[in-house]
Amino acid sequence: MENILQLARQRRSVRTFNGQRLSGTDLEKLKACMVEVENPYGIPVSFRLLDAREQQLKCPVVTGTEQFLGTKIRLVSHAEEAFGYSLEQVVLYAQSLGIGTVWVGGTMNRAAFEKAMDLTAEERMLCMFPIGYPAEKMAVREIMMRKGVKADNRLSFGEVFFDGSFDKALTPEKAGVLAEVLEAVRLAPSAVNKQPWRVVVTDTAAHFYKKTSKGFVSQTNGDMQKIDMGIALAHFALAAAERGLPLRFELADPQLPTEAGTEYIATYCFA
Ligand SMILES: Cc1cc2nc3c(=O)[nH]c(=O)nc-3n(C[C@H](O)[C@H](O)[C@H](O)COP(=O)(O)O)c2cc1C
């Protein structure tokens, strides 16, 4: 995949498509990517290509495509982070091919999608992905939706990244070689654009935390903000790998003092 920071900068959710079906080659490339992607939790995600007309699927925020990528994963511990990590690689790859998509966890007729996915009792379809080519102009509905969640804005570097402890904001200057890696994290997509990621950077590691907002946990989609955290971890790891920075993934809470509602998720040690 080409430059991750560049892809992270270019990517936006696409909800208005131009009506053209994906070419056979693009579809094959996406499928191959879905099969190949991995995550540090080792939890596999499977997928199915779905058709809105055949399977009576509805996604009211989307226009101009009938094609969807449905997913399923066993809802075991860390499934959400694993899902976010794996699928964001597919989203970025799609971006690099000029294919538009959007993470959809809420705005769909979920029962129809779940039926089309043939879920077992232990499986969940956390999110699905409309796929197609972006239309030249966004539908008014999409423009309104972007305004509603301030989709073009992100929290500032110093609001989400910390220097050794939560009481000291990290600056890009102090972050040095990690500045661009963290910038790729900052620009990532998240449910309702809440950007729950908080990262404390020490001399030896980057510790990832989730600043929890209310209303993101359910029986059907698990904890959506843990999906956001998986997305953030993927942006970090991909951007670091590209810069030749070796990392080791660890689940080892460093027990740093945190505010209430901030939950430890995972660590990347500078190997
Ligand atoms: C886990 C997750 C779930 C999402 N669910 C929906 C959804 O149900 N409907 C929707 O229109 N957008 C959904 N989004 C897209 C976000 O609203 C979008 O990523 C965010 O507003 C930032 O905008 P951008 O992707 O254009 O940068 C979801 C994003 C994530 C990461």
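Residues numbered from 1 in each chain as written. Predicted model: local features only at pLDDT ≥ 70, side-chain atom pairs only at ≥ 80, totals over all residues.

Trainee: Just checking my understanding: could you explain the overall build of the protein chain for this structure?
Mentor: Within the protein chain, the secondary structure is distributed over ten helices and twelve strands. Since a compact globule built from 271 residues should have a radius of gyration of about 18 Å, the 18 Å found for the protein chain is in line with a globular shape. When its C-alpha atoms are laid out on the principal axes, the protein chain stretches across 55 × 40 × 35 Å. Residue burial in the protein chain is summarised as follows: out of 271 residues, 42% are buried. A sequence separation of at least 24 residues applies to 78% of the contacts in the protein chain between residues at least 6 apart. (Helix = DSSP H or I, 4+ residues; strand = E, 2+ residues; numbered from the N terminus. Rg over C-alpha atoms; globule rule 2.2 N^0.38 Å. Buried ≥ 20, exposed ≤ 12 C-beta atoms within 10 Å, placed from the backbone. Contact = placed C-beta atoms within 7 Å.)

Trainee: Just to check I follow, could you spell out the packing of helix H2 (residues 24–36) against helix H4 (residues 79–97) for this structure?
Mentor: Any two packed helices are characterised by how steeply their axes cross, that is the angle between the axes, and by the distance between the axes. Their axes nearest at 10 Å, the elements H2 and H4 cross at an angle of 155°. Of the possible angle classes, the one that applies to H2 and H4 is roughly antiparallel. When the axes of H2 and H4 are compared, the crossing they make is right-handed. Mapping the contact onto sequence places Asp-26, Lys-29, Leu-30, Cys-33 and Met-34 in H2 and Val-90, Tyr-93, Ala-94 and Leu-97 in H4. Residue composition of the contact of H2 with H4, grouped by class: seven nonpolar, no polar and two charged. (Axes fitted to C-alpha atoms, helices over the stretch in contact; angles between N-to-C directions. Parallel < 35°, antiparallel > 145°, perpendicular 65-115°, else oblique. Left-handed = near helix turned anticlockwise from the far one by under 90°. Nonpolar A, V, L, I, M, F, W, Y, C, P; charged D, E, K, R; others polar.)

Trainee: Sorry if this is basic, but what is going on with the pairing of strand E2 (residues 67–74) here?
Mentor: Taken across its eight residues, E2 has six buried, putting it largely inside the fold. Of the pairings in the sheet, the one linking strand E1 (residues 46–51) to E2 comprises six bridges and is antiparallel in character. Residue pairing in the sheet places Phe-47 in a bridge with Thr-71 of E2. One ladder, built from two bridges, connects E2 with strand E5 (residues 129–132); its direction is antiparallel. When the bridges of E5 are listed, Phe-68 appears paired with Pro-130. (Pairing = 2+ DSSP bridges.)

Trainee: What exactly am I supposed to notice about the sheet that holds strand E6 (residues 161–163) here?
Mentor: As a general point, the strands of a sheet are linked pairwise by backbone hydrogen bonds and lie either parallel or antiparallel. The sheet built from five strands is open, its strands ordered E6-E7-E8-E12-E11 with mixed pairing. The open sheet has two free edges, formed respectively by E6 and strand E11 (247–250), since each of these has just one partner strand. Strand-to-strand twist of the sheet, defined as the mean angle between neighbouring strand axes without regard to direction, takes the value 25°. Of the pairings in the sheet, the one linking strand E8 (residues 205–211) to strand E12 (residues 262–270) comprises seven bridges and is antiparallel in character. Residue Ala-205 lies in a different strand from E12, and its bridge partner there is Cys-269.

Trainee: What is the right way to read the environment of Arg-15 from this model?
Mentor: Structurally, Arg-15 can be placed in the loop between helix H1 (4–10) and H2. Those residues within four positions of Arg-15 in sequence are excluded, and the remaining contacts are Val-61, Val-62, Val-102 and Glu-142.

Trainee: Would you take a moment to explain the nonpolar core for this structure?
Mentor: Judged by nonpolar contacts, the single largest core of 75 residues is most densely connected at Met-128, Phe-129, Val-199, Phe-208, Ala-232, Leu-233 and Phe-236. Ranked by residues supplied to this core, first place goes to helix H10 (residues 224–242) with twelve residues. No fewer than three residues from each of domain 1 (4–143) and domain 2 (157–270) sit in this core. (Core = buried A, V, L, I, M, F, W, Y, C linked by C-beta atoms within 7 Å. Domains from an automatic or database assignment.)

Trainee: Teacher, can you tell me more about the site of the ligand here?
Mentor: Around the ligand, the surrounding shell holds 23 residues, and the nearest of these are Ser-13, Trp-103, Gly-106, Ala-151 and Pro-189. In terms of residue class, the shell around the ligand is made up of 14 nonpolar, six polar and three charged. Built from parts of two domains, the shell around the ligand gets at least three residues from each of domain 1 (4–143) and domain 2 (157–270). (Near = placed C-beta within 6 Å.)

Trainee: Help me understand helix H9 (residues 179–186), please; the structure alone is not making it clear to me.
Mentor: Residue pairs three or four apart in sequence face the same way in an α-helix, which turns once every 3.6 residues. Residues of H9 that are buried: Val-181, Leu-182, Ala-184 and Val-185. All buried residues of H9 lie within an arc of 150° about the axis, which places them on one face of the element. The secondary structure elements touched by the buried residues of H9 are H1, helix H7 (157–160), E6, helix H8 (172–175), strand E7 (197–201) and H10. (Arc of directions from axis to C-beta.)

Trainee: In this structure, what is going on with the packing of H9 against H10? I would like to understand it.
Mentor: Where H9 contacts H10, the two axes come as close as 8 Å, and the packing angle between them is 150°. Relative to H10, the element H9 lies roughly antiparallel. Read as a crossing pair, H9 and H10 show a hand that is right-handed. In this structure, H9 uses Glu-180, Val-181, Ala-184 and Val-185 to contact H10, whose residues at the interface are Ala-232, His-235, Phe-236, Ala-239 and Ala-240. Residues belonging to the contact of H9 with H10 are distributed by class as follows: seven nonpolar, one polar and one charged.

These figures come from the coordinates and say nothing about function on their own.
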